[in-house]
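For reference, the chains in residue letters:
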Amino acid sequence: MRFGGIQKTSTIDFPGVLSCVLFTRGCDLNCFYCHNRELIEGIGPEISEDEALSFLRRRQGLLDGVVVSGGEPTLQPDLSQFLNLCKGMGYKLKLDTNGQRPGLTEQLWQQELLNYIAVDVKAPEAEYAEICGVSGFEKTRETILALLKRGAHFEARTTLYPGLSIEELEELLSSFP
């Protein structure tokens, strides 16, 4: 796993769970409003997996959960192994994802590696490519529908970015069941 940052304690990132947030490096989207731009480009300091695991071992009994965010965590080839290690330490696990890998996200849920998922819907369908650099709305929608079908504990969320009108937000909301 490649991490670019850590928030050592959070009471708001994982509903009802005192957690830390590990930020993975790399993202397959390039949203103009991204607040973690250094993670997209993979610049800045890197935290090794060993450092992250060492931190989590020291926090056992103090923290209840781990949020794996990004960047985009599903780009990490060893994500499931890392989640298994965290689960083995007794942590509840949350994934923040842009939804571009519906099969992997569903698989992680089915393998009971996650307790909660947040799927970021970045923009209305007609504006996805302009806002994110790629047309990824349909994959995000597929991820949400798969999680609904599986009865997963998740939230779909969006960013109110400059230029997003109330009509576009209503259109976005009507895109989902």
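Residues numbered from 1 in each chain as written. Predicted model: local features only at pLDDT ≥ 70, side-chain atom pairs only at ≥ 80, totals over all residues. Heavy atoms only, no water.

(A) Quick peek at the packing of aromatic side chains. Under the counting rule described, the total for this entry stands at 7 aromatic pairs. Cluster of aromatic residues (ring-pair linked, three or more members): Phe32, Tyr33 and Tyr161. (Phe/Tyr/Trp six-rings, centres within 6.5 Å; stacked < 30°, edge-to-face > 60°.)

(B) Main features of unusual backbone geometry. Backbone torsion omega between Gly70 and Gly71 reads 15 degrees, so that peptide bond is classified as cis. Position of Gly71 relative to the elements: it lies in the loop between strand S3 (65–69) and helix H3 (79–88). Positioned with a positive phi, Glu112 is a non-glycine residue whose angle comes to about 60 degrees. Structurally, the position occupied by Glu112 is in the loop between helix H4 (102–110) and strand S5 (116–120). (Helix = DSSP H or I, 4+ residues; strand = E, 2+ residues; numbered from the N terminus.)

(C) Region of the structure containing the layout of surface pockets. Here the largest pocket defines a volume of roughly 490 Å³. His35, Asn36, Gly70, Asp120 and Lys122 are, among the 27 residues lining the largest pocket, the residues nearest its centre. Breaking the lining of the largest pocket down by element, the ones donating at least two residues are strand S2 (19–24), helix H1 (37–41) and strand S4 (92–97). Taken together, the residues of the lining of the largest pocket break down into 10 nonpolar, 11 polar and 6 charged. (1 Å grid on protein atoms, 1.4 Å probe; cavity = no way out; pocket = protein on both sides within 12 Å on 5 of 7 lines; lining within 4 Å. Points joined across faces, edges and corners; volume = space filled by probe spheres on them. Nonpolar A, V, L, I, M, F, W, Y, C, P; charged D, E, K, R; others polar.)

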